[in-house]
Amino acid sequence: MKSIAYVSIIGAVFLGSSLSCLAQTKPQAAQVRAERKAEATQTAREFKPGEGDPIPEARPKVSRPERVKAREARKTTGGEAARAFMPGEGNPKPSAIARLPRAERRAERSAKRAELKAENKVGAIPSYGDSYGSSQRK
């Protein structure tokens, strides 16, 4: 009895999906599509506050000498702005770090290694073997 109910439910779902496929409309005529495309183009050209202007107005071309002149004006102000310190942006020219001579660095490393070697010999540095993190120690 239950199997008949399941088969009827599955059949109803299948029948409903096949009927919805048949109920779909036919493709629109080319003329209607062209009209909708023209409406969409016109709507995109109309300015609506809050949306911005999707297709900005065409500007006249600027000649090469005018562009070079504008670029030179921007170079001077841009260079000054890059060199000026602005709080919150970080300093574009970090302060130089005092470098130690190679011999001093080598001596510091060898002293630190000798200290670690001595601590390891005494047993001050724990061994992280298989029992690391467990409560039982061997």
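Procedures and definitions
Residues numbered from 1 in each chain as written. Predicted model: local features only at pLDDT ≥ 70, side-chain atom pairs only at ≥ 80, totals over all residues. Heavy atoms only, no water. Helix = DSSP H or I, 4+ residues; strand = E, 2+ residues; numbered from the N terminus. Buried < 20%, exposed > 50% of the residue type's maximum accessible area, 1.4 Å probe, protein only. Areas by Shrake-Rupley, 256 points an atom, 1.4 Å probe, with all protein chains shown as cover. Patch = residues over 30% accessible without salt bridge, like charges linked within 9 Å, V, L, I, M, F, W, Y side chains within 5 Å. Salt bridge = Lys/Arg side-chain N within 4 Å of Asp/Glu carboxyl O. Lys, Arg positive; Asp, Glu negative; His and termini not counted. Charge placed at Lys NZ, Arg CZ, Asp CG, Glu CD. pLDDT = per-residue confidence, 0-100. Expected span 1.5 Å × (residues − 1).

## Digging into the overall build of the protein
Line of reasoning, step 1. Looking only at helices and strands, the protein features 4 helices and 0 strands.
Line of reasoning, step 2. Its helices and strands taken in sequence order, the protein reads α-α-α-α from the N to the C terminus.
Line of reasoning, step 3. Across the 138 residues that make up the protein, the buried fraction comes to 1%.
Line of reasoning, step 4. By element, 58% of the accessible surface of the protein is carried by carbon and sulfur atoms, the whole surface being about 13700 Å².

## A short note on a positive patch on the surface
Line of reasoning, step 1. Together, R99, R102, R105, R106, R109 and R113 make up a positively charged patch on the protein surface.
Line of reasoning, step 2. Here R106 shows up in helix α4 (residues 102–122).

## A closer look at the confidence of the model for the protein
Line of reasoning, step 1. Of the residues in the protein, 67% have a pLDDT of 70 or more, and the chain-wide mean is 77.
Line of reasoning, step 2. Per-element mean pLDDT across the protein ranges from 67 in helix α1 (residues 2–22) up to 93 in α4.

## With respect to the pattern of salt bridges
Line of reasoning, step 1. Taken as a whole and judged by the stated rule, the model has 1 salt bridge.
Line of reasoning, step 2. One salt bridge connects E72 with K75, and the closest N-O pair in it is separated by 3.8 Å. With E72 and K75 both in helix α3 (residues 64–83) and 3 residues apart, the pair spans about one turn of that helix.
Line of reasoning, step 3. You can call E72 partly exposed: its relative accessible area is 43%.
Line of reasoning, step 4. On the basis of relative accessible area, K75 is assigned to the exposed category, the value being 53%.

## Observations concerning α4
Line of reasoning, step 1. Helix length check: α4, at 21 residues, gives a terminal C-alpha distance of 31 Å against a target of 30 Å (1.5 Å per residue), a fit within 8%.
Line of reasoning, step 2. Looking at the residues trailing α4, positive phi occurs at G123, about 100°.

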